[in-house]
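# Structural features, examined
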Amino acid sequence: MFLNSEMSEVVDVLIWGAYGFTGRLVVEHFKSLDDRGLLNLNWAIGGRNEQKLAEIAAEYELESIPIIIGDNSDQESIDGAMSQTKVVINMIGPYYFTHGKNVVDACVRFGTHYCDITGEGPYILQLIEEYHDLATENGVYIVPACGFDSMPSDIGANIAVNALREAGRACTSVENIVMRMVGGVSGGTIESMLRFSDMPKSVLKKAASPNYLNPPDAPQTSFPKDQVTPKYNEYVQSWTAPFVMAFTNTRVVRRSAGLLNYGPNFSYTECSRTKGFLMSLLISLSLLFVLFLNLPIVGGLLKKIVRKFAPKPGEGPDTETRESGHWQFRMFARSDDVC
């Protein structure tokens, strides 16, 4: 429902979960564009907590911006909220555990386009299995993983593939090497990582495949495997280590490869450049910590320690850290076509 407006018309964009850490950043960006006359659309903020939404509206002086109330755990409530917008930016995570599926369910039925910033591969799989066909039939775009997971990887790979195509060559592989990455992590991202092992065993079993997001008619190859150990890379003449976000990014890119027909033999991998073998080894060993989080007893204890010292949901990097943050990916595309 609309809280602070008599409007009955549908808005163009709804920022859902506007009072979370990343939700506030989206509100801040929209407000900045709006104030400069660069946002030619009607937008609204929304979520479950009426008081927090009112506080956001007061803080950012959003007197003319509608507030929409709804609860992800109540399908009827979510139906009412999603029917009031053409596009929703869902910022409420961890998505698998916050009834994100209910939001998508409503979007598919009411013709609302959807995007989010999840990095939870199993959640993406859930949306594909339950809503891909109906969304296609209804002309609704469902676009998860629109944050750092996995936009740079997905767009970068697409640019590399198209560059070879324009040169008349078929792309057989893209290797993404993270050259540098400076910034911070939000409490919501950490919580998503900690709760990954809480998903049903059947879901985690599916997620073990490197191709589990692939379209059914796409090649279901058994390679390439994820990099889990130090490896010297000839492209950058440096030691590399596993990239922490590759487990999601690679699956998303492979799905795009199947949907956009990059080719039957296309492969995609990611790794992170390091300053030497020792650093590569340390990063590789740190993956064991993630594995320990999945152990019944040890994992529970480690999660308590992490939650005690790490940023909490709703917290994240300060303004200085965000503004100085940057990253650089290098995409190396290969073609086996003979000139």
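So, a few notes on the structure that sits alongside this text.

What counts and what doesn't
- Residues numbered from 1 in each chain as written.
- Predicted model: local features only at pLDDT ≥ 70, side-chain atom pairs only at ≥ 80, totals over all residues.
- Heavy atoms only, no water.
- Axes fitted to C-alpha atoms, helices over the stretch in contact; angles between N-to-C directions.
- Helix = DSSP H or I, 4+ residues; strand = E, 2+ residues; numbered from the N terminus.
- Parallel < 35°, antiparallel > 145°, perpendicular 65-115°, else oblique.
- Left-handed = near helix turned anticlockwise from the far one by under 90°.
- Contact = heavy atoms within 4.5 Å.
- Nonpolar A, V, L, I, M, F, W, Y, C, P; charged D, E, K, R; others polar.
- Buried < 20%, exposed > 50% of the residue type's maximum accessible area, 1.4 Å probe, protein only.
- Patch = residues over 30% accessible without salt bridge, like charges linked within 9 Å, V, L, I, M, F, W, Y side chains within 5 Å.
- Areas by Shrake-Rupley, 256 points an atom, 1.4 Å probe, with all protein chains shown as cover.
- Salt bridge = Lys/Arg side-chain N within 4 Å of Asp/Glu carboxyl O.
- Lys, Arg positive; Asp, Glu negative; His and termini not counted.
- Charge placed at Lys NZ, Arg CZ, Asp CG, Glu CD.

What follows concerns the packing of helix H6 (residues 151-166) against helix H9 (residues 246-259). The geometry of H6 relative to H9 is characterised by a closest axis approach of 9 Å and an angle of 40° between their N-to-C directions. With respect to each other, H6 and H9 are oriented oblique. As for how H6 packs across H9, the hand of that crossing is right-handed. For the pair formed by H6 and H9, the contact residues are Ser 153, Asp 154 and Ala 157 on the first element and Asn 249, Val 252, Val 253 and Ser 256 on the second. Class assignment for the residues of the contact of H6 with H9 results in three nonpolar, three polar and one charged.

On to unusual backbone geometry, then. Note that the residue after Gly 93, namely Pro 94, is joined by a cis bond; omega there is -5°. Here Pro 94 shows up in the loop between strand S4 (85-90) and helix H4 (100-110). Here the bond from Asp 149 into Ser 150 is cis, since omega is 0°, no more than 30 degrees from zero. Inspection of the secondary structure puts Ser 150 in the loop between strand S6 (142-143) and H6. Unusually for a residue other than glycine, Glu 61 sits at a positive phi of about 55°. With respect to the secondary-structure elements, Glu 61 resides in the loop between helix H2 (50-59) and strand S3 (67-69). Looking at Glu 61, the relative accessible area reads 52%, which means it is exposed. A positive phi angle, near 60°, is found at His 99, a position not held by glycine. Relative to the elements of secondary structure, His 99 occurs in the loop between S4 and H4.

What follows covers a negative patch on the surface. On the surface, a cluster of negative charge is contributed by Glu 28, Asp 318, Glu 320 and Glu 323. Position of Glu 323 relative to the elements: it lies in helix H12 (residues 319-324).

Now for the packing of helix H3 (residues 75-82) against H4. Describing two packed helices takes the angle between their axes plus the distance from one axis to the other. At a closest axis distance of 9 Å, the pairing of H3 and H4 adopts a crossing angle of 50°. For the element pair H3 / H4, the angle class is oblique. The chirality of how H3 crosses H4 is right-handed. Contact with H3, carried on its side by Gln 75, Ile 78, Asp 79 and Met 82, involves Asn 102, Val 103, Asp 105, Ala 106, Cys 107, Arg 109 and Phe 110 of H4 and no other residues of that element. Partitioned by chemical class, the residues of the contact of H3 with H4 number six nonpolar, two polar and three charged.

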